[in-house]
Amino acid sequence: MSEAAHGNRIPQAFEGDEDGQQDIWIFGYGSLVWKADFPFEEKRTGYIKGFLRRFFQNSIDHRGTQDRPGRVVTLVHSDDPESKVWGMGYRIGASEKQQVLSHLDHREKNGYDRHCVKFYPYPPCTAQLNEPQPILLYVATQDNPSFAGLHHTLDEIADQILGSAGQSGKNPEYVYKLAEAMRQLYPGERDDHLFELEQLLLKRECRPEPPTTDGDTSRSEASKEG
């Protein structure tokens with residue numbers, strides 16, 4: 001059964017395994033795509049299926065404030081079980097996972113829950129694991145106080161992002177960095193919600209449009225880092 005077939009329920013994550021002696025994998029689909037503020041053994045480019053990445057979560061800390069919330073991404077179920085969200089998988093060593101999970105639980109405290117899905121590493125690499133595997137990720141619950149809703153237009157989201165800033169920096173920079181990471185790591189893959197929002201912000205801030213990236217060299221090289 002695909003993840004999307006569960007409707008609003010996402011499979012529970014590694015019940016009881018957090019205290020085990022095995023390594024675990026963490027999936028990043030927002031700022032963790034381009035940076036990780038925790039120790040890891042290796043990282044792999046790849047994707048999960050059955051979800052959509054959307055700017056449907058308010059940020060009152062990292063990219064906004066209580067008075068002026070910013071917007072960051074979360075995941076929602078797709079009607080298409082084969083739809084892909086590209087991101088970065090990080091393998092966390094067994095000796096580090098309690099520390100990393102505690103750190104991420106605090107980092108994502110603003111309405112995110114920890115869940116488990118299947119991760120598909122890509123492109124294939126002879127030096128690293130290529131088989132699909134369970135991976136942990138953080139998804140904003142739709143009943144959390146910071147969930148912004150499913151029906152705002154991109155114009156409305158752009159209006160909220162412009163001028164918002166938090167402890168991690170200006171909100172528009174979050175969008176630009178995520179879009180640039182997608183182009184560099186996953187050339188040719190589309191994320192229309194992200195790229196169209198980026199274009200709206202660039203026009204409103206009178207910034208030049210980013211160059212188009214072709215080929216897959218960057219993705220192959222990035223997947224070997226760790």
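Residues numbered from 1 in each chain as written. Predicted model: local features only at pLDDT ≥ 70, side-chain atom pairs only at ≥ 80, totals over all residues. Heavy atoms only, no water.

**Focus: helix α3 (residues 171-185)**
Line of reasoning, step 1. Taking 1.5 Å of rise per residue, the 15 residues of α3 would be expected to cover 21 Å, and the 22 Å separating its terminal C-alpha atoms lies within 8% of that figure.
Line of reasoning, step 2. α3 sits mainly inside the fold: eleven of its 15 residues count as buried.
Line of reasoning, step 3. All buried positions along α3 are accounted for by Asn171, Pro172, Tyr174, Val175, Tyr176, Leu178, Ala179, Ala181, Met182, Arg183 and Leu185. (Helix = DSSP H or I, 4+ residues; strand = E, 2+ residues; numbered from the N terminus. Expected span 1.5 Å × (residues − 1). Buried < 20%, exposed > 50% of the residue type's maximum accessible area, 1.4 Å probe, protein only.)

**Topic: the side chain of Thr141**
Line of reasoning, step 1. With respect to the helices and strands, Thr141 occurs in the loop between β7 (133-140) and α2 (154-161).
Line of reasoning, step 2. Only 3.1 Å separates the side chain of Thr141 from the side chain of Asp143, close enough to count as a polar contact.
Line of reasoning, step 3. Leave out the neighbours within four places in its chain, and Thr141 touches Gly111, Asp113 and Phe147. (Polar contact = N/O pair within 3.5 Å; in protein donor to acceptor, adjacent residues only side chain to side chain. Contact = heavy atoms within 4.5 Å.)

**A closer look at the pairing of strand β4 (residues 70-77)**
Line of reasoning, step 1. Most of β4 is tucked away, with seven of its eight residues classed as buried.
Line of reasoning, step 2. In this sheet, β4 lies alongside strand β3 (residues 51-59) in antiparallel orientation, the contact comprising seven bridges. Each bridged residue has a counterpart across the sheet, and for Phe51 the counterpart in β4 is His77. (Pairing = 2+ DSSP bridges.)

**Brief notes about the packing of α2 against helix α4 (residues 192-204)**
Line of reasoning, step 1. At their nearest, the axes of α2 and α4 sit 10 Å apart, and the two run at 55° to each other. As summarised for this structure, α2 and α4 are arranged oblique, according to the angle between their axes. The interaxial crossing formed by α2 with α4 has right-handed handedness. Every residue of α4 that contacts α2 at Leu154, Asp155, Ile157, Ala158, Asp159 and Ile161 is listed here: His193, Glu196, Leu197, Leu200, Leu201 and Arg204.
Line of reasoning, step 2. Split by residue class, the contact of α2 with α4 holds seven nonpolar, one polar and four charged. (Axes fitted to C-alpha atoms, helices over the stretch in contact; angles between N-to-C directions. Parallel < 35°, antiparallel > 145°, perpendicular 65-115°, else oblique. Left-handed = near helix turned anticlockwise from the far one by under 90°. Nonpolar A, V, L, I, M, F, W, Y, C, P; charged D, E, K, R; others polar.)

**Details of the environment of Arg190**
Line of reasoning, step 1. Looking at the element boundaries, Arg190 is found in the loop between α3 and α4.
Line of reasoning, step 2. Separated by 104 residues in the primary sequence, Arg190 and Trp86 have C-alpha atoms spaced 9.5 Å apart.
Line of reasoning, step 3. Engagement of the side chain of Arg190 in a polar contact is seen with the side chain of Asp192, the distance being 3.0 Å.

**Quick word on the environment of Gly169**
Line of reasoning, step 1. Of note, Gly169 is situated in strand β9 (residues 169-170).
Line of reasoning, step 2. Separated by 108 residues in the primary sequence, Gly169 and Asp61 have C-alpha atoms spaced 9.8 Å apart.
Line of reasoning, step 3. What Gly169 contacts, discounting residues up to four positions off in sequence, is His62 and Arg63.

**Structural notes on the layout of surface pockets**
Line of reasoning, step 1. In this structure, the largest pocket spans a volume of roughly 400 Å³.
Line of reasoning, step 2. Around the largest pocket sit 24 residues that line it, and Ser31, Arg107, Glu108, Tyr112 and Tyr174 are the ones nearest its centre.
Line of reasoning, step 3. Counting residues per element, the ones that place at least two in the lining of the largest pocket are β1 (24-28), β3 and β4. (1 Å grid on protein atoms, 1.4 Å probe; cavity = no way out; pocket = protein on both sides within 12 Å on 5 of 7 lines; lining within 4 Å. Points joined across faces, edges and corners; volume = space filled by probe spheres on them.)

Purely spatial values, then, with no claim about function.
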